[in-house]
Amino acid sequence: MRRLEWTLPTLLEKLREVLHFSLTADRNNPGWYYAKAANDLRPNSVVIDLIFFRIKIPIPTEWVVVYGPNADISPLRYDVDKEETDSSITQQEELRAWVRSNLGRINQVQRLYSDVTDMPAGSLSGAGLKTLTSENLEDELNGGPHFVSLTGHGYSGGVAHLNEGLMNNLTNGHKTFIAVADSCLTNQFDVNDAIGEKLVKYPNGGAVAYVGNSRYSWIGIGDDFRLAFFKAMKYTRNLAMLNDSRCYLAGDTNGRPYKIWTIFEQTLMGDPEMNVYRTDLDAYPKYIGNHKTKELHRSTCQWVKRMATWNMRYYDSIEEGINLGYDGCAFCLKAYDHG
Ligand SMILES: [Zn+2]
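Read on for a plain summary of the structure. (Residues numbered from 1 in each chain as written. Predicted model: local features only at pLDDT ≥ 70, side-chain atom pairs only at ≥ 80, totals over all residues. Heavy atoms only, no water.)

**A look at helix H2 (residues 87–102)**
An ideal rise of 1.5 Å per residue puts 22 Å on 16 residues; H2 measures up with 22 Å between its terminal C-alpha atoms. As for H2, its buried residues are in contact with strand S9 (111–113), strand S11 (147–151), strand S14 (177–182) and helix H6 (222–232). (Helix = DSSP H or I, 4+ residues; strand = E, 2+ residues; numbered from the N terminus. Expected span 1.5 Å × (residues − 1). Contact = heavy atoms within 4.5 Å.)

**What to know about the nonpolar core**
Within soluble globular proteins, side chains that are nonpolar generally end up buried alongside one another. Membership of the largest hydrophobic core comes to 21 residues, with the highest contact counts inside it found for Leu-141, Leu-150, Phe-177, Leu-199 and Tyr-210. Among the elements of the structure, helix H3 (134–142), S11, helix H4 (164–167), S14, helix H5 (195–201) and strand S15 (207–213) are those that each provide at least two residues to this core. Per-element tally for this core: the top contributor is S14, with three residues. The next biggest cluster of nonpolar side chains, apart from the first, holds 20 residues, and it includes Leu-103, Val-180, Ala-209 and Ala-232. (Core = buried A, V, L, I, M, F, W, Y, C linked by side-chain atoms within 4.5 Å. Buried < 20%, exposed > 50% of the residue type's maximum accessible area, 1.4 Å probe, protein only.)

**Considerations on the pattern of salt bridges**
Within the structure shown, the criterion is met by 10 salt bridges. Put simply, Arg-215 and Asp-190 hold a salt bridge, and the shortest N to O gap is 2.7 Å. Of this pair, Arg-215 sits in the loop between S15 and H6 while Asp-190 sits in the loop between S14 and H5, and the two are 25 residues apart along the sequence. According to the relative accessible area criterion, Asp-190 is partly exposed, its value standing at 44%. Between Arg-246 and Asp-244 there is a salt bridge, and its shortest N-O distance comes to 3.4 Å. By relative accessible area, which is 39% here, Asp-244 ends up partly exposed. Each of Glu-93, Arg-96 and Arg-111 takes part in salt bridges that share partners, so that together they form one network. (Salt bridge = Lys/Arg side-chain N within 4 Å of Asp/Glu carboxyl O.)

**So, the coordination of the zinc ion**
Surrounding the zinc ion are the protein donor atoms His-297 (ND1), Cys-301 (SG), Cys-329 (SG) and Cys-332 (SG), which sit 2.2 to 2.4 Å from the metal. Considering all four donor atoms around the zinc ion, the spread of angles at the metal, 97 to 125°, places the coordination shape in the tetrahedral class. (Donors = N, O, S within 2.8 Å, 3.2 Å for Na, K, Ca; no water. Tetrahedral: all angles 85-135°; square planar, octahedral: opposite > 155°, others 65-115°.)

**Let's talk about empty space enclosed by the protein**
Under the defined criterion, the tally for this structure stands at three cavities of 30 Å³ or more. Along its surface, the largest cavity is lined by Val-180, Ala-181, Asp-182, Val-211, Asn-213, Ser-217, Gly-222, Phe-225, Arg-226, Phe-229, Thr-262 and Gln-266. For the lining of the largest cavity, the secondary-structure elements that each account for two or more residues are S14, S15 and H6. Among the elements that take part in the lining of the largest cavity, H6 stands out by supplying four residues, more than any other. (1 Å grid on protein atoms, 1.4 Å probe; cavity = no way out; pocket = protein on both sides within 12 Å on 5 of 7 lines; lining within 4 Å. Points joined across faces, edges and corners; volume = space filled by probe spheres on them.)

**Brief notes about the sheet that holds strand S4 (residues 40–43)**
With antiparallel pairing, three strands are arranged side by side in an open sheet as S4-S3-S7. What marks the edges here is a single partner per strand, and that holds for S4 and strand S7 (64–67). Sheet twist, expressed as the mean angle between neighbouring strand axes with direction ignored, is 45°. Relative to S7, strand S3 (residues 31–37) runs antiparallel, the two sharing four bridges. Following the sheet pairing, Gly-31 is matched in S7 by Tyr-67. (Pairing = 2+ DSSP bridges. Axes fitted to C-alpha atoms, helices over the stretch in contact; angles between N-to-C directions.)

**Looking at the sheet that holds strand S18 (residues 295–298)**
Here four strands make up an open sheet; going across it, the order is S19-S17-S18-S20 and the pairing mixed. Bordering the open sheet on either side are strand S19 (312–315) and strand S20 (327–328), each of which pairs with just one other strand. The pairing of S18 with S20 spans two bridges and is parallel. Note on S20: the bridge partner recorded for Leu-296 is Gly-328.

**Some thoughts on the layout of surface pockets**
Its volume calculated, the second largest pocket comes out at about 820 Å³. If you go around the second largest pocket, you meet 29 residues; those closest to its centre are Arg-278, Ser-299, Thr-300, Cys-301 and Lys-305. The set of elements that each furnish at least two residues to the lining of the second largest pocket consists of helix H9 (302–305) and S19. Top element by residues in the lining of the second largest pocket is H9. It accounts for three residues. Each residue belonging to the lining of the second largest pocket can be placed in one class, and the counts come to 16 nonpolar, seven polar and six charged. The two domains that each donate at least three residues to the lining of the second largest pocket are domain 2 (87–269) and domain 3 (284–336). (Nonpolar A, V, L, I, M, F, W, Y, C, P; charged D, E, K, R; others polar. Domains from an automatic or database assignment.)

**Remarks on the packing of H2 against H6**
Running from N to C, H2 and H6 point in directions that differ by 15°, and their axes come no closer than 10 Å. Here H6 runs roughly parallel to H2, going by the angle between their axes. For H2 against H6, the interelement crossing comes out right-handed. Facing H2, whose interface residues are Gln-91, Gln-92, Glu-94, Leu-95, Trp-98 and Val-99, H6 presents Asp-223, Arg-226, Leu-227, Phe-230 and Lys-231. Looking at the contact of H2 with H6, its residues break down into five nonpolar, two polar and four charged. (Parallel < 35°, antiparallel > 145°, perpendicular 65-115°, else oblique. Left-handed = near helix turned anticlockwise from the far one by under 90°.)

From the geometry alone we can't say anything about function, so treat these as descriptive.
Take a look at the structure:
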């Protein structure tokens with residue numbers, strides 16, 4: 001859940017107060033919520049009827065209603081912030097550990113964190129740990145990483161120091177990266193343009209693909225989706241299918257309204273048919289025909305592993321194989337399967 005906090009900077013200290021989100025806040029119950037409109041202060045939410053129950057999802061708007069004592073309703077400013085900021089590091093470390101044990105060829109990792117004081121024990125060791133600053137991030141992105149996993153307070157203009165200003169310093173050329181962001185709004189495609197789209201369109205480098213949220217990301221939920229994306233890499237290298245991994249969480253009853261929300265608004269910028277390399281083996285031909293059975297497979301298909309090497313024929317495209325008389329595998333190339 002997001003949180004609202006107000007800040008009163010003084011010369012001596014910062015005074016801060018965290019206000020509680022509540023769809024039922026009123027004169028007798030302090031709290032805050034997003035209102036429908038400037039002239040309609042009822043809580044803004046959408047009710048979704050599922051088969052067995054209905055869920056009420058609060059929808060953020062630009063209007064916030066706050067009930068509470070004077071200090072709460074007339075601060076110098078409000079901030080909408082995520083709770084548990086430290087969890088973002090824990091979640092990135094969880095992702096790193098998963099990738100290390102499951103995708104062994106992805107073995108060069110650089111970690112840029114804004115605050116390492118709360119890092120889990122044992123994770124401080126190892127190479128590539130740096131403070132997250134604009135300069136360090138720019139250096140690393142110019143090195144041309146394959147994947148970039150982003151976390152932090154996002155808005156359409158950027159996240160974690162990655163904004164248009166930094167982008168304009170990128171010179172990574174054709175060594176573009178695939179970014180996956182668990183942040184609010186960095187893929188808000190209804191503005192011109194959010195950072196996700198900007199990075200993909202950036203002519204001197206930037207990203208070749210960007211997976212992010214077109215709306216708000218929910219704390220404790222967004223990182224599950226990012227992890228699902230990388231987990232799907234065990235089974236496919238097709239970029240669209242990697243982004244479709246978000247749909248695996250549809251049946252998850254834990255925090256379900258927020259998961260359904262994310263399934264609707266997690267968006268991919270880039271060519272959905274692009275193949276994502278997970279190991280150097282992926283750089284070999286994309287389609288493999290069985291010369292004996294005349295079946296054509298994706299190189300990642302489980303049947304390829306059982307094929308005798310002397311029966312393998314390599315093709316760059318489906319069409320190349322089909323034109324030579326192959327039929328698509330019923331498992332991995334269903335659309336081209338004619339039985
Ligand atoms: Zn197959």
